Amino acid sequence: MGTVLLPRIVGPSVAKDLILTSRRFTGSEALKLGVVNRTAFSPDATIATAIELAHQIAENAPLGVRGARTVIDQGLDLPF
């Protein structure tokens, strides 16, 4: 994730705690912090969750998905 993006996601205080201490955290904590959007508790559940997400995205208009991804990615480079 890195030292640039993590503070934007969890805030500078939490990011410093995680980065400077090299503290490991659980999937549940990552979900609570907003570092991940979903968790799964087994390899099979992980694959099923990924496939379900892919299907949900694929149901949308391809140009809309591409446009949204582009705008989101470009917006990450903008100051707050």
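Please refer to the structure higher up on the page.
Residues numbered from 1 in each chain as written. Predicted model: local features only at pLDDT ≥ 70, side-chain atom pairs only at ≥ 80, totals over all residues. Heavy atoms only, no water.

Time to look at the environment of Pro7. With respect to the secondary-structure elements, Pro7 resides in helix H1 (residues 2–10). Residue class for Pro7 comes out partly exposed when judged on its relative accessible area of 25%. For the pair formed by Pro7 and Ser22, sequence separation is 15 residues and the distance between their alpha carbons is 14 Å. Aside from chain neighbours lying at most four places away, what touches Pro7 is Gly2, Pro12 and Ala15. (Helix = DSSP H or I, 4+ residues; strand = E, 2+ residues; numbered from the N terminus. Buried < 20%, exposed > 50% of the residue type's maximum accessible area, 1.4 Å probe, protein only. Contact = heavy atoms within 4.5 Å.)

What follows concerns the pattern of salt bridges. Under the counting rule described, the total for this entry stands at two salt bridges. The closest approach of N and O atoms between Asp17 and Arg23, which form a salt bridge, is 3.3 Å. With a relative accessible area of 33%, Asp17 lands in the partly exposed category. The shortest N-O distance in the salt bridge between Arg23 and Glu29 comes to 3.2 Å. Judged by relative accessible area, Glu29 falls into the partly exposed class, the value being 23%. A single salt-bridge network, built from bridges that share partners, covers Asp17, Arg23 and Glu29. (Salt bridge = Lys/Arg side-chain N within 4 Å of Asp/Glu carboxyl O.)

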